[in-house]
Amino acid sequence: MTTRSTTATPSDTSRGSASASAAAATSASVELAIGGMTCASCAARIEKKLNRMDGVEATVNYATEKAKVTYRDDDVSVQDLISTVEATGYTAQPPPPLETRQSTPGTDEAESEPDDGLTALRQRLITALVLSVPVIAMAMVPALQFDNWQWLSLTLAAPVVVYAGWPFHRAAWTNLKHGAATMDTLISVGTSAAFLWSVWALFFGTAGMTGMTHPFELTIARTDGAGNIYLEAAAGVTAFILAGRWFEARSKRKAGAALRALMELGAKEVTLLRDGREVTVPTAELQVGDRFVVRPGEKIATDGTVVEGTSAVDASMLTGESVPVEVTTGDTVTGATINAGGRLVVEATRIGSDPETPSPAPPSTPAAASSSKPPASAPTPNSPAWPASSKTPRTAKQPPNASPTASPPSSSPSSSPSPWAPSASGSAAAPDSRRRSPRPSRS
């Protein structure tokens, strides 16, 4: 009988490595800034549209309003990705170069901080609150319902529904053109229905007559609805939703300021080793694989592996541990930590928020950490997701006087029987040496 074995020749191995490197060379990644998202369903829609493209893997983060996209450079371009996002009803643009993102020394922090539409949102919120409070008060308190109060409510509620609620109507119309419905659609439809019915009741019904009142009572009566207006619902819902959007935007802005403050902790310049010489360059010019020098007291520019030197690294800003950690050749170090000992030569393994870095360390920027998704953990044998036929059977409970470290009986026929082996009656008999002596009776 002849046995054939398949052995990879050096030429096959080289061709395989060449094809793998060629495939890796054709893939690229980009981070797009997404605009126009109002809820998590918007991010899910964009992510779904991008992932439908051939050779594209996208992850959209609603909190950071960023989309991390990995694509094949031969089939898809960045402009194709932007066109897909715009066809979905949102805006997308690539991030500016690192050089333009660096803040100029002496620039005011408030000027460099992005507005993110918070100013316009605050103006709409103030308008809605000032005008909707009298409308709600007149509709809920019969003592405030003077003659023709309903026309004053219409005058105050109209700017709230039209001007303050315009972002909801615009988003609903955009989603309608693309055959989708989001939370903005519900808000727009609800407030518009309440406002338009009130307008019809005032002009064509009996609600506009002098002396009309809204009694505050909890009764069920059948009416034609022509004498009822719901301007307080339209104005109140708009004001409450705008307040929630403003608090959300303010929280995101504070979180972004905290992330930018953490980014400022990193080194601004790095000393590279090029042809045996030390060259100081901005951190933005650092590439994966470059070797740079970290002197005592300096910050480590980026994540990397120590290739020369021994020192102690102060990582308290990441771990909270006040004692520096000793590192030597082969150890990994994290960017923005401080070299507290000797001179180190580090090889960069991660730059910025590069998602293709082979290093298993966590992302070196907070933005990368917030944009990444944790992998789904596999179910354990005793978890509900594990198949019922494959679950690990439960072992029988040991006697009360059994040792916690006692090993289960061996299944090997040559092994000696366990003292806890069940007897013919089915109960486990304890050895004589472990039996407890009876307690002496009290006299």
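Residues numbered from 1 in each chain as written. Predicted model: local features only at pLDDT ≥ 70, side-chain atom pairs only at ≥ 80, totals over all residues. Heavy atoms only, no water.

Asks: So what exactly am I meant to see when it comes to the overall build of the chain here?
Replies: Per the secondary structure count, the chain includes 12 helices and 13 strands. Buried residues in the chain amount to 30% of all 443 residues. Counting contacts in the chain only where the partners sit at least 6 residues apart, residues at least 24 apart contribute 63% of the total. On the chain, roughly 27,900 Å² of surface is accessible, and the fraction owed to carbon and sulfur atoms is 59%. (Helix = DSSP H or I, 4+ residues; strand = E, 2+ residues; numbered from the N terminus. Buried < 20%, exposed > 50% of the residue type's maximum accessible area, 1.4 Å probe, protein only. Contact = heavy atoms within 4.5 Å. Areas by Shrake-Rupley, 256 points an atom, 1.4 Å probe, with all protein chains shown as cover.)

Asks: Looking at this model, I keep getting lost on the packing of aromatic side chains. Mind explaining?
Replies: For any pair of aromatic rings, geometry is given as the distance between the ring centres together with the angle between the planes. A full pass over the atoms with the stated rule returns 3 aromatic pairs. With 5.3 Å between their ring centres and 80° between their planes, Trp-151 and Phe-203 make a pair best called edge-to-face. You can see Trp-151 sitting in helix α7 (residues 149–164) and its partner Phe-203 sitting in helix α9 (residues 183–204), a full 52 residues away along the chain. Between Trp-246 and Phe-247, the ring centres sit 5.2 Å apart and the planes meet at 65°, which makes this aromatic pair edge-to-face. Judged by relative accessible area, Phe-247 falls into the partly exposed class, the value being 44%. Over the aromatic face of Tyr-163 sits the side chain of Arg-124, whose NZ or CZ is 4.8 Å from the ring centroid. The ring of Tyr-62 has Lys-252 lying over it, and the distance from NZ or CZ to the ring centre is 4.9 Å. (Phe/Tyr/Trp six-rings, centres within 6.5 Å; stacked < 30°, edge-to-face > 60°. Lys NZ or Arg CZ within 6 Å of the ring centre and 35° of its normal.)

Asks: Would you explain α7 in this entry?
Replies: Every α-helical turn comprises 3.6 residues, leaving residues that sit three or four positions apart pointing alike. Over its 16 residues, α7 extends 22 Å from the first C-alpha to the last, a length consistent with the 22 Å expected when each residue adds 1.5 Å. Where α7 bends most, at Ala-157, the angle is about 30°, and the proline Pro-159 comes one to four residues later. (Expected span 1.5 Å × (residues − 1). Bend = angle between axes of the 7 residues up to and from the residue.)

Asks: Is there a simple way to explain the pairing of strand β9 (residues 311–314) in this structure?
Replies: The two faces of a sheet get side chains in turn, since along a regular strand they alternate between them. The pairing of β9 with strand β10 (residues 325–327) spans 3 bridges and is classified as antiparallel. Bridge pairing in β10 places Ala-312 opposite Glu-326. Looking at chain direction, β9 and strand β12 (residues 338–339) are connected through 2 bridges and run antiparallel. In the sheet register, Asp-314 faces β12, and the bridge partner there is Ile-338. (Pairing = 2+ DSSP bridges.)

Asks: Got a minute to help me understand the sheet that holds strand β1 (residues 27–35) in this structure?
Replies: The strands that make up a sheet are held in pairs by hydrogen bonds between backbone atoms, and each pair lies either parallel or antiparallel. The strand order β2-β3-β1-β4 describes an open sheet built from 4 strands, whose pairing is antiparallel. Edge positions in the open sheet fall to β2 (57–61) and β4 (91–93), since each of these has one partner strand only. Taking each pair of neighbouring strands and ignoring which way they run, the sheet shows an average axis angle of 25°. In the packing of helix α2 (residues 40–51) onto the sheet, contacts are made with β1, β2 and β3 (66–72), and the angle to β2 comes to roughly 170°. (Axes fitted to C-alpha atoms, helices over the stretch in contact; angles between N-to-C directions.)

Asks: What's the story with the state of the cysteines in this structure? I'm lost.
Replies: Note on terminology: disulfide describes a covalent bond linking the sulfur atoms of two cysteines. By the definition in use, this model includes 0 disulfides. Residue Cys-39 stays outside any disulfide, its sulfur separated by 3.8 Å from that of Cys-42, the closest cysteine. Classification of Cys-42 by relative accessible area gives buried; the value is 1%. (Disulfide = S-S within 2.5 Å.)

Asks: So what exactly am I meant to see when it comes to the environment of Gly-335 here?
Replies: Within the fold, Gly-335 resides in the loop between β11 (332–333) and β12. Spatially, the C-alpha atoms of Gly-335 and Ala-267 are 8.2 Å apart, while their sequence positions differ by 68 residues. With sequence-adjacent residues up to four places away left out, Gly-335 is seen in contact with Ile-300, Ala-301, Thr-302, Asp-303 and Leu-318.

Asks: Help me understand the pattern of salt bridges in this model?
Replies: Side chains that carry opposite charge are capable of pairing whenever their charged atoms lie near each other. In this structure the tally under the stated criterion is 9 salt bridges. Where Lys-252 meets Glu-65, a salt bridge forms, and the shortest distance between an N and an O atom there is 3.3 Å. Placement of Lys-252 in helix α10 (residues 231–263) and of Glu-65 in the loop between β2 and β3 is noted, with a sequence separation of 187 residues between them. The salt bridge partner of Glu-347 is Arg-291, with a shortest N-O separation of 3.9 Å. With Glu-347 in strand β13 (residues 344–348) and Arg-291 in strand β7 (residues 291–294), the pair connects residues that are 56 residues apart, well separated along the chain. (Salt bridge = Lys/Arg side-chain N within 4 Å of Asp/Glu carboxyl O.)

Asks: What's the story with the sheet that holds β12 in this structure? I'm lost.
Replies: Taken in spatial order, the 3 strands make up an open sheet running β10-β9-β12, and their pairing is antiparallel. Of all strands in the sheet, those with a lone pairing partner are β10 and β12, marking the two edges.

Asks: Would you mind showing me how to read a nonpolar patch on the surface here?
Replies: A surface patch of nonpolar side chains, about 580 Å² in accessible area, is lined by Trp-197, Trp-200, Phe-203, Phe-204 and Tyr-230. Judged by its relative accessible area of 53%, Phe-203 falls in the exposed class. (Patch = residues over 30% accessible without salt bridge, like charges linked within 9 Å, V, L, I, M, F, W, Y side chains within 5 Å.)

Asks: Can you help me understand the nonpolar core in this one?
Replies: Generally speaking, soluble globular proteins have nonpolar side chains that are buried together. Grouped together as the largest cluster of nonpolar side chains are 30 residues, with contacts concentrated most on Ala-128, Phe-195, Leu-202, Ala-207, Ile-229, Leu-231 and Leu-242. Mapped by element, the contributors of at least two residues to this core are α6 (118–140), α7, α9 and α10. With residues up to four places along the chain from it excluded, the contact list for Ile-229 reads Trp-149, Gln-150, Ser-198, Ala-201, Leu-202, Ala-207, Met-212 and His-214. Grouped together as the second largest cluster of nonpolar side chains are 24 residues, Ile-34, Leu-50, Met-53 and Tyr-71 included. (Core = buried A, V, L, I, M, F, W, Y, C linked by side-chain atoms within 4.5 Å.)

Asks: Please explain the confidence of the model for the chain as it appears in this structure.
Replies: Should the pLDDT be low somewhere, the predicted coordinates at that spot are not to be read in detail. Looking at the chain as a whole, its pLDDT mean stands at 75, while 68% of the residues score no less than 70. Least confident of the elements in the chain is helix α5 (residues 109–112), whose mean pLDDT is 44; most confident is α7, at 95. Within the model, the stretch residues 355–367 combines pLDDT values under 50 with 28 contacts to residues more than four positions away or in other chains. Every residue in residues 402–437 scores below 50 in pLDDT, and together they form 23 contacts with partners more than four places removed in sequence or on other chains. (pLDDT = per-residue confidence, 0-100.)

Asks: Hey, could you run me through the pairing of strand β8 (residues 304–308) in this one?
Replies: The pairing of β8 with β11 spans 2 bridges and is antiparallel. Counted as the bridge partner of Gly-304 is Val-333 from β11. Inspection of the sheet shows β8 paired to β13 by 4 bridges, in the antiparallel sense. Bridge pairing links Val-306 to Val-346 in β13.

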